[in-house]
Amino acid sequence: MLFDATAVLVASLTVATVGGPVAMPEVSSAASSPYSAHAGYAFSSPEGDSDSRSASHNPLTPAPGRAIDLPTSLVQRSAPTVVAPALPLAAEQLATFSGSSLLHGLSALPPAAAADFVTSHPHAVHELLSAPPAAHQVTSWWAGLDSTAQRSLLAAAPEVVGNLDGVPFAVRNQANRALLKSTIRELELEADAAIGRAVATQNLHRLEMLYEVVDALGPATANPPRSLLNLDTHGQGKAAVVLGDLQTADYVSYMIPGMLVTVAGDIVGWTGFGARLYDDQTSWLALLAEAGAATEEETVATVAWIGYQTPSLMNVGSMDLAYKGRDAIAAAIDGLQTLRADDPPFISLLTHSYGSTAALLALADDTTVDALAMVGSPGSPAQSVDELNVRGDVFVGEAAWDPIPNSAFFGSDPGAPSYGARVMSVLGSVDVITNEVLAGSAGHNEYWVPGTESMRNLSLIAIDKGELVTDGSALDAGRTLAMLR
């Protein structure tokens, strides 16, 4: 269903008049973007269309089984410390535990009992992953298991292991890929069972969502390698696909989406944009190395992150999901910084719309990153950049015909001069370094379109080259590589 920007804007203002203040919904620019498919983002992937497989499905019959190539692209690098596990507890007693206590109890169970516990106590697992222990506690717990216990728990409880920040990235990738395969197989087998219409419909939706994750991961030969950092197979789902190696990359950027972005509808396109960012960042690093402004060894990783439930038109006026996004973003950054404590990367958050508000909540709290970019932001709970834990610069971009910026629906306007953020031009220009003609972004959903000034600037922000970011002023003519020498 396509939403015209003006129509949604008028409708939102009408609701505000009748029922009180509401937040401005995010508006699709599907009619003008070559990648738009629905009211969310783009989102045929820039890498190709993968929608043809389901066009002829019976609405209550899941797609037939298909070969799923889910390689483990990374390997665990270090041996764990061997410690004695805790004594196993009865499942009923363990179900009353939470946090670290539940983790220690779960890892003390025999493999079969641990698998049974996860299956029979989904609420306990959900609560654990909704409010997990801090990353340093998870890292300590995991390192305290011997290699046999680690392998057993990974096989018995991949949903738990794969979604805990603080577990090594390679292990999480292995666990989440295993969970993806096993869940698809279970749902395909249930298609032949005597189940009710409602369950069959729900299973079909889950299957289609998981098939999208498979497509986003791509083949074993994908370059750069892709890993599955998060996977929630229930409801609207959550997923995060990493392009590159989180364990070794010098620069790590998280793409934080806004309203209407879902795993089922957008993970392929979102990952495609992550791949384009990865390529652009890598190209810039190569160009800078050639000019003597960077070392050839520098590498990047981009995270196409859909790690929280984004709002719909019905609940975008609430901050509830922004607070949940805040917690998920904070946990993700905490996990990265914990695992990379001895070799910290440059971390940037590249945020869009409602996602910028969620990120700002995290950065106004305890989370710290090196750079922040906001495009199409509906407002900031913080009054200025001085209240944000950002070690470097904060950038803000606003496209023509985007009704969301300057609205300040969720607080201060990040684009206001008093906020203190640097302007990031998204209007289109000619790159003074590469002589490439850069397209402008229009409306609310064109910030991620390849070949735009927006994508050029987002790439430079993510590799700590903010001095080259254009702001649309006469000063842009001087933003050449000479500035870096």
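Residues numbered from 1 in each chain as written. Predicted model: local features only at pLDDT ≥ 70, side-chain atom pairs only at ≥ 80, totals over all residues. Heavy atoms only, no water.

A.B. asks: Before we go on, may I ask you to explain the overall build of the protein chain in this structure?
C.D. replies: Helix and strand counts for the protein chain come out as 14 helices and 10 strands. Within the span of the protein chain, comprising 485 residues, buried residues form 52% of the whole. Here the protein chain displays about 20000 Å² of accessible surface, and carbon together with sulfur accounts for 55% of that area. (Helix = DSSP H or I, 4+ residues; strand = E, 2+ residues; numbered from the N terminus. Buried < 20%, exposed > 50% of the residue type's maximum accessible area, 1.4 Å probe, protein only. Areas by Shrake-Rupley, 256 points an atom, 1.4 Å probe, with all protein chains shown as cover.)

A.B. asks: I'm lost on the environment of Glu-398 in this one. Help?
C.D. replies: Structurally, Glu-398 can be placed in the loop between strand E7 (394–397) and strand E8 (422–423). In sequence terms Glu-398 and Val-426 are 28 residues apart; their C-alpha atoms lie 6.7 Å from each other. Setting aside residues up to four positions removed in sequence, Glu-398 forms contacts with Pro-405, Asn-406, Asp-413, Gly-415, Val-426, Leu-427 and Tyr-447. (Contact = heavy atoms within 4.5 Å.)

A.B. asks: Help me understand the confidence of the model for the protein chain in this model?
C.D. replies: Any segment with low pLDDT has predicted coordinates that should not be analysed in fine detail. The predicted model of the protein chain averages 85 in pLDDT, with 82% of residues at 70 or higher. Long-range and interchain partners of residues 1–63, a stretch whose pLDDT sits below 50, account for 136 contacts in this model, where long-range means more than four residues apart. In the model, residues 72–85 has pLDDT below 50 throughout and makes 34 contacts with residues more than four positions away in sequence or in other chains. (pLDDT = per-residue confidence, 0-100.)

A.B. asks: What is the right way to look at the side chain of Ser-107 in this model?
C.D. replies: Structurally, the position occupied by Ser-107 is in helix H3 (residues 99–108). Overall, Ser-107 belongs to the buried group, its relative accessible area being 13%. A distance of 3.0 Å separates a polar side-chain atom of Ser-107 from the backbone oxygen of His-104. Beyond its immediate sequence surroundings of up to four residues, Ser-107 is in contact with Trp-141, Leu-145 and Leu-153. (Polar contact = N/O pair within 3.5 Å; in protein donor to acceptor, adjacent residues only side chain to side chain.)

A.B. asks: How should I be thinking about the nonpolar core in this particular structure?
C.D. replies: The tendency in soluble globular proteins is for nonpolar side chains to be buried as a group. Ranked by size, the top nonpolar core spans 57 residues in total, and within it Leu-180 and Trp-448 carry the most contacts. When residues in this core are grouped by element, the largest group, 11 residues, is from helix H11 (residues 263–290). Ranked by size, the runner-up nonpolar core spans 45 residues in total, among them Met-259, Tyr-308, Ile-347 and Leu-372. (Core = buried A, V, L, I, M, F, W, Y, C linked by side-chain atoms within 4.5 Å.)

A.B. asks: Can you walk me through the sheet that holds strand E3 (residues 251–256) in this structure?
C.D. replies: Hydrogen bonds between backbone groups are what pair the strands of a sheet, and the pairing can be parallel or antiparallel. Strand order in the open sheet formed by 8 strands is E1-E2-E4-E3-E5-E6-E7-E8, and the pairing between neighbours is mixed. Here the strands that pair on one side only, and so sit at the sheet edges, are strand E1 (226–232) and E8. Examined bridge by bridge, E1 and strand E2 (residues 238–243) share 6 bridges and lie antiparallel to one another. Following the sheet pairing, Asn-230 is matched in E2 by Ala-240. Most of the contacts of helix H10 (residues 197–217) go to E1, to which it runs at about 160°, and overall it touches E1 and E2. (Pairing = 2+ DSSP bridges. Axes fitted to C-alpha atoms, helices over the stretch in contact; angles between N-to-C directions.)

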